[in-house]
Amino acid sequence: GGTQTHADKHVILTDDIAIPDGVNWYQLGVGAKPYSGTFDGNGHKITNLNISTSSWHMGFFGWTDGATIKNLTIEGNVTSAQAYAGGFVGRTNTTITITGSSTIFTNSGSINADGCAGGFVGGAFASTGQAATFTKCTNGGNVSAKRESGTSEHAVAGGLIGCIESKNNSSG
C-alpha cells in the first residue's frame with residue numbers, strides 16, 4: 001500500500017541510511033505515481049537494500065518518470081522473479097539522469113531478474129528525444145538476467161542499464 005505522496009519531492013540526504021535486516025523495502029515510485037523529483041544522496045550511502053520478490057519493476061525506486069538521482073551509493077541485493085530489476089530503478093518511463101553515483105553489491109549475482117536487469121536501471125521506456133544519462137557512475141556488482149523456458153520474453157543484463165525499449169506515442 002501507501003499513497004506515494006513523495007513522488008515529486010526533491011530530497012537531500014544528510015546522513016547514511018542502513019536499512020535494518022528483515023525490513024521489506026517499500027520502494028519509492030510505483031506505476032500510477034512514478035518518482036519524478038530529484039534525489040541527491042549528498043555523498044551518502046544507503047546500505048543493506050535487500051529486495052527479493054516475484055514483482056515487476058524492482059529497485060530502490062520502483063518506477064521513475066523524469067527523475068534525477070545524484071551523489072548516492074547503494075549497497076545491497078536485488079532479486080526479482082519478473083522483469084526490470086535495477087540497483088537504483090526498476091523501470092523508467094522517460095528521461096532519467098544519474099550522476100556521481102555508484103552501486104556496491106555484496107553477493108554473487110547481486111541483481112537478478114527474469115527479463116531485464118541493470119546495475120542502475122532495469123529497463124527504460126523512451127520516446128524519441130528522451131535519454132538515460134549516466135555521468136561519473138560506477139557499478140561494483142554482478143548483474144544477471146534469465147529467460148524462463150517456454151516464454152518469448154527477452155533476457156538482457158547490463159552494468160548500467162538492462163534494456164531500452166521504444167514507447168509508441170501514436171494514438172491510432
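Structure's up top.
### Considerations on the state of the cysteines
Consideration 1: Tallied over the entire structure, the rule returns 1 disulfide.
Consideration 2: A sulfur-sulfur distance of 2.1 Å marks the disulfide that ties Cys116 to Cys163. As the torsion about the S-S bond is roughly 105°, the Cys116-Cys163 disulfide counts as right-handed. Remark: Cys163 occurs in strand 17 (residues 161–166) and Cys116 occurs in strand 11 (residues 116–118); sequence separation between them is 47 residues. Across the pair, exposure class does not vary: Cys116 and Cys163 are buried alike.

### Some details on unusual backbone geometry
Consideration 1: With phi around 55°, Asn42 is a residue other than glycine that occupies positive phi space.
Consideration 2: Among the structural elements, Asn42 can be located in strand 3 (residues 38–53).
Consideration 3: Accessibility expressed as a relative area gives 42% for Asn42, which makes it partly exposed.
Consideration 4: Of note in the backbone geometry, Asn71 takes a positive phi value of approximately 55° without being a glycine.
Consideration 5: Mapped onto the elements, Asn71 comes out in strand 5 (residues 68–80).
Consideration 6: Accessibility expressed as a relative area gives 32% for Asn71, which makes it partly exposed.

### Notes on the side chain of Ser101
Consideration 1: Structurally, Ser101 is set in the loop between strand 8 (96–99) and strand 9 (102–105).
Consideration 2: Judged by its relative accessible area of 2%, Ser101 falls in the buried class.
Consideration 3: Within the structure, Ser101 has its side chain in polar contact with the backbone nitrogen of Leu72 (distance 3.2 Å).
Consideration 4: Apart from the residues lying within four places of it in its own chain, the contact partners of Ser101 are Ile69, Lys70, Asn71, Leu72, Phe88, Phe120, Lys136, Cys137 and Thr138.

### Side note on the sheet that holds strand 6 (residues 85–86)
Consideration 1: If you trace the 3 strands from one edge of the open sheet to the other, you get 6-11-16, paired in parallel fashion. The open sheet has two edge strands with one neighbour each: strand 6 and strand 16 (156–158).
Consideration 2: For strand 6 and strand 11, the ladder comprises 2 bridges, and the chain directions are parallel. Across the sheet, the residue bridging to Gly86 is Gly118, located in strand 11.

### Section: the sheet that holds strand 17
Consideration 1: One open sheet holds the 4 strands; their spatial order is 4-7-12-17, and the pairing between them is parallel. Single-partner strands in this sheet number two, and they are strand 4 (61–64) and strand 17. Sheet twist, expressed as the mean angle between neighbouring strand axes with direction ignored, is 10°.
Consideration 2: Where strand 7 (residues 89–92) lies against strand 12 (residues 121–126), 3 bridges are found, and the strand directions are parallel. Considered in strand 12, the bridge of Thr92 is made with Ala124.

Quick notes on the rules
- Residues numbered from 1 in each chain as written.
- Predicted model: local features only at pLDDT ≥ 70, side-chain atom pairs only at ≥ 80, totals over all residues.
- Heavy atoms only, no water.
- Disulfide = S-S within 2.5 Å.
- Helix = DSSP H or I, 4+ residues; strand = E, 2+ residues; numbered from the N terminus.
- Buried < 20%, exposed > 50% of the residue type's maximum accessible area, 1.4 Å probe, protein only.
- Polar contact = N/O pair within 3.5 Å; in protein donor to acceptor, adjacent residues only side chain to side chain.
- Contact = heavy atoms within 4.5 Å.
- Pairing = 2+ DSSP bridges.
- Axes fitted to C-alpha atoms, helices over the stretch in contact; angles between N-to-C directions.

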